[in-house]
Amino acid sequence: YGNTNYNFDLYAYGEQMGFHLTQDPAQASMIVGNRAIDDAALAQVKTGKPYLAAGSATLEKVKTELLGKYGFNFEATGGIQDSLFFAELNQNSLITASNVENEDNLIYAYGGAYISAVPTGGQVLVQATKDTPLEGFMMAENLAKFLGQVQAIEYKGNNLNVTVFAGSLTNKA
C-alpha cells in the first residue's frame, strides 16, 4: 500500500519487480508513502505494520501520530531545495547495505528537511557529512543547517516499525 504522487504506473513497475500493490492497507505487508499518511494506513502502522516514510510531507504526521512521544523531531527548511550530498551510512542496516557494499556514500534528497532529534531507541541510517555537496540547490543558510544532520532513521519499538527519510528520494530519479 502506498500513498505516493509518482507520475508513473506503480502497479506495472511493482509487478515487474516482483511485488504487488494494494489499495487496502489492511492487506498490505508494508505501508510506503511520500505524503502524509492517511488514517487507514496509520491504523495499520500502529498495529506494527512496517512503514517507510520518505519526504518532508510525511514528517509532521510521523512526529504527531507515531514517534514524537519517543523524542522524534525534524526541521523543514522549505520546498524546492535539493542536494546530492555525502553521507555517513549505518554499517549494520539492510536499508543501507547496498550503499555500504558499493562504497557509495552519495545520497540524493529533495525538500531540504532533516531529522533534528532521533527517537529514543532509534537508529540513524543516513547522516549528511559537513562536506560540500556534489550538486544541489539550497539557499546558503539552509545548506549550513542541513549539512551534518540526520537524513534517515529506523525505529523499532513500542509496536512500531518505522523508517523515515527526511528528504524525498525520487524527485530526480
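All of these numbers come straight from a predicted model, not from anything done at the bench.

Q: I would appreciate a short explanation of the overall build of the chain in the present structure.
A: Of the regular secondary structure elements, the chain holds five helices and 11 strands. In the chain, which comprises 173 residues, the share counted as buried stands at 40%. Within the chain, contacts between residues at least 6 apart in sequence are counted, and of these 66% link residues at least 24 apart. In the form shown here, the chain has an accessible surface area of approximately 9,100 Å², with 51% of it arising from carbon and sulfur atoms.

Q: What should I look at first to understand the packing of aromatic side chains in this one?
A: Each aromatic ring pair is specified by the distance between its two centres and by the angle formed by the two planes. Using the criterion set out here, one finds three aromatic pairs in the structure. Both rings, one in Phe-85 and one in Phe-146, keep their centres 5.3 Å apart while their planes meet at 85°; by these two values the pair is edge-to-face. Of this pair, Phe-85 sits in strand β5 (residues 82-89) while Phe-146 sits in helix α5 (residues 140-146), and the two are 61 residues apart along the sequence. Residue class for Phe-146 comes out buried when judged on its relative accessible area of 0%.

Q: Got a minute to help me understand the nonpolar core in this structure?
A: Generally speaking, nonpolar side chains in soluble globular proteins are found buried as a group. Counting residues in each nonpolar core, the largest one holds 23 residues, and the members touching the most others are Val-45, Tyr-51, Leu-66, Leu-67, Phe-72, Val-162 and Val-164. Secondary-structure elements contributing two or more residues to this core are α2 (39-45), β3 (51-54), α3 (56-67), β10 (150-157) and β11 (160-165). With four residues, the top contributor of residues to this core is α3. The contacts of Val-164, once residues within four sequence positions are left out, are Ala-53, Leu-59, Val-62, Leu-67, Phe-72, Ile-115, Gln-151, Ala-152 and Ile-153.

Q: Which parts of the structure should I look at to understand the pairing of β11?
A: The two faces of the sheet receive side chains in turn, since in a regular strand these alternate between them. When you tally the buried positions in β11, you get five out of six residues, the bulk of the element. Examined bridge by bridge, β3 and β11 share four bridges and lie parallel to one another. Opposite Tyr-51, over in β11, you have Val-162 as the bridge partner. With antiparallel pairing between neighbouring strands as the criterion, β10 and β11 make up a hairpin whose turn holds two residues, including Asn-158 at a positive phi of roughly 50°.

Q: Looking at this structure, I do not really get the environment of Met-138. What am I missing?
A: Position of Met-138 among the secondary structure elements: in the loop between β9 (135-137) and α5. Linking Met-138 and Gly-78, residues 60 residues apart in sequence, is a C-alpha distance of 9.4 Å. Excluding residues that lie within four positions of it along the chain, Met-138 makes contacts with Gln-81, Asp-82, Ser-83, Gly-112, Leu-143 and Phe-146.

Q: Sorry if this is basic, but what is going on with the pattern of salt bridges here?
A: Per the stated rule, a full pass over the model turns up three salt bridges. Where Lys-61 meets Asp-39, a salt bridge forms, and the shortest distance between an N and an O atom there is 3.9 Å. Note that Lys-61 is positioned in helix α3 and Asp-39 in helix α2, a separation of 22 residues in sequence. Judged by its relative accessible area of 22%, Lys-61 falls in the partly exposed class. A salt bridge links Glu-154 to Lys-156, with the shortest nitrogen-to-oxygen separation between them at 3.9 Å. When its relative accessible area of 13% is taken as the criterion, Glu-154 is described as buried.

The rules behind these values
- Residues numbered from 1 in each chain as written.
- Predicted model: local features only at pLDDT ≥ 70, side-chain atom pairs only at ≥ 80, totals over all residues.
- Heavy atoms only, no water.
- Helix = DSSP H or I, 4+ residues; strand = E, 2+ residues; numbered from the N terminus.
- Buried < 20%, exposed > 50% of the residue type's maximum accessible area, 1.4 Å probe, protein only.
- Contact = heavy atoms within 4.5 Å.
- Areas by Shrake-Rupley, 256 points an atom, 1.4 Å probe, with all protein chains shown as cover.
- Phe/Tyr/Trp six-rings, centres within 6.5 Å; stacked < 30°, edge-to-face > 60°.
- Core = buried A, V, L, I, M, F, W, Y, C linked by side-chain atoms within 4.5 Å.
- Pairing = 2+ DSSP bridges.
- Salt bridge = Lys/Arg side-chain N within 4 Å of Asp/Glu carboxyl O.

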